[in-house]
Amino acid sequence: MKAFLTLFFAFVAIAAVHASEPFNGLLVDFNGKPIKGARVYVHNPKHYAKSDKEGKFGLTDVKSTDTLHVKTHKMTYEIPVNGSKGMRITIGELSATGAEDQELIRMGTGYVKKREYLGPRSGVTHEQLVATGQTDLIQAMRGLVAGVRVVNNDYGKDDKVKQEKDRIISGPNLSIRNSMSFNAPTNPLWVIDGTESIIPPSLTVMEVESVEILKDGAGYGTRGANGVIIVTLKK
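A. Broad picture of the overall build of the chain. Of regular secondary structure, the chain possesses 5 helices and 15 strands. A total of 235 residues make up the chain; the buried ones form 38% of that total. By sequence separation, contacts in the chain at least 24 residues apart represent 56% of the contacts at least 6 residues apart. Of the roughly 13,800 Å² that the chain leaves accessible, carbon and sulfur atoms contribute 56%.

B. A look at the nonpolar core. Counting residues in hydrophobic clusters, the biggest one holds 20 residues, and the most contacted among them are L129, L137, M141, V211 and V231. At the level of secondary structure, the elements contributing two or more residues to this core comprise α4 (137–140), β12 (189–192), β14 (208–214) and β15 (228–233). Ignoring any residue separated from it by four or fewer positions in sequence, one finds V231 in contact with L137, W190, V191, I192, D193, L203, V208, S210 and V211. Counting residues in each nonpolar core, the second largest holds 19 residues, with V40, L59, I79 and M87 among its members.

C. Structural detail: the sheet that holds strand β13 (residues 195–197). The 5 strands lie next to each other as β9-β14-β15-β12-β13, forming an open sheet whose pairing is mixed. Every other strand in the sheet has two partners, leaving β9 (121–125) and β13 as the edge strands with one partner each. Each strand axis lies, on average, 20° off the axis of its neighbour in the sheet, ignoring direction. Relative to β14, β9 is paired through 5 bridges, and the arrangement is antiparallel. From the neighbouring strand, G123 faces β14, where its bridge partner is E212.

D. Representation of the pairing of strand β1 (residues 22–29) in the model. Counted residue by residue, β1 has 6 buried out of 8 residues, so it is predominantly covered. For β1 and strand β4 (residues 56–60), the ladder comprises 5 bridges, and the chain directions are antiparallel. Residue N24 lies in a different strand from β4, and its bridge partner there is G58. With 6 bridges connecting them, β1 and strand β7 (residues 86–91) associate as parallel partners. Following the sheet pairing, L27 is matched in β7 by I89.

E. Looking closely at unusual backbone geometry. At H73, a position not held by glycine, the phi torsion is positive, near 50°. In the Ramachandran plot, N82 falls in the positive-phi region, its phi being about 50° despite a non-glycine side chain. By the secondary structure assignment, N82 is in the loop between β6 (75–80) and β7. The exposure class of N82 is exposed, given its relative accessible area of 68%.

F. A look at the confidence of the model for the chain. With 77% of its residues at a pLDDT of 70 or more, the chain shows a mean pLDDT of 80. The spread of mean pLDDT over the elements of the chain runs between helix α1 (residues 2–19), the lowest at 42, and β7, the highest at 96. Contacts of residues 4–19 to residues separated by more than four positions or lying in other chains number 2 contacts, the stretch itself having pLDDT below 50.

G. Just the side chain of T90, in detail. Within the element layout of this structure, T90 appears in strand β7. The class for T90 is buried, based on a relative accessible area of 16%. Look past the residues within four positions of T90 in its chain and what remains in contact with it is V28, D29, F30, S95, A96 and T97.

H. Main features of the side chain of S51. The topology assignment puts S51 in the loop between β3 (49–50) and β4. A relative accessible area of 5% means that S51 is categorised as buried. A polar atom in the side chain of S51 sits 3.0 Å from the backbone nitrogen of A38. Ignoring sequence-local partners within four residues, the contact set of S51 consists of L27, I35, K36, G37, A38, K56 and F57.

The rules behind each value
Residues numbered from 1 in each chain as written. Predicted model: local features only at pLDDT ≥ 70, side-chain atom pairs only at ≥ 80, totals over all residues. Heavy atoms only, no water. Helix = DSSP H or I, 4+ residues; strand = E, 2+ residues; numbered from the N terminus. Buried < 20%, exposed > 50% of the residue type's maximum accessible area, 1.4 Å probe, protein only. Contact = heavy atoms within 4.5 Å. Areas by Shrake-Rupley, 256 points an atom, 1.4 Å probe, with all protein chains shown as cover. Core = buried A, V, L, I, M, F, W, Y, C linked by side-chain atoms within 4.5 Å. Pairing = 2+ DSSP bridges. Axes fitted to C-alpha atoms, helices over the stretch in contact; angles between N-to-C directions. pLDDT = per-residue confidence, 0-100. Polar contact = N/O pair within 3.5 Å; in protein donor to acceptor, adjacent residues only side chain to side chain.

Structure representation (structure tokens):
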């Protein structure tokens, strides 16, 4: 019995490790050019990874019998995993094909900066932004998402250090977290079509396709400590 239990728990431990193995992917078109900004998920569309500017994306806990869903340019493609542990996916106008790539498998978790986001998120569509009657993106976001408000960062003009902060991140911005500090900025991380910045963008609602608010930006490390705002621009 003791030997049986030892083997049983060893099997469970191995299975748990396998379940958390990284799944690396690469999205390219038929000319071999990377596809950025595509959403890739397995079961839940809200728990997706986004391909970066090199077409790379990362998932976790992908089973051999799962099917990947790739959404790009309002099209969704289904690619069976078929036992693969990492795939190079080629996408055309009407079809997509995937093949296991041993090099992607060997790269492990260091292949991409972040994998699929599993925390709380809120989405705002272009239509919702336009309906506010505002032209400025930041002002239009006022009241659309609970816990998100427009703030004006002003550190005072008599402190050289604070003046430098003003030069970089002063002016209207969004605050995701409820707690405010007079000694440190609460600026969220902005991700505009895959480009990260702490500087709030000067965008009109007509330029924006959608906005996503990640109240827990843990997937972005310390950069996302104050939350993350992901903006997808109109193509």
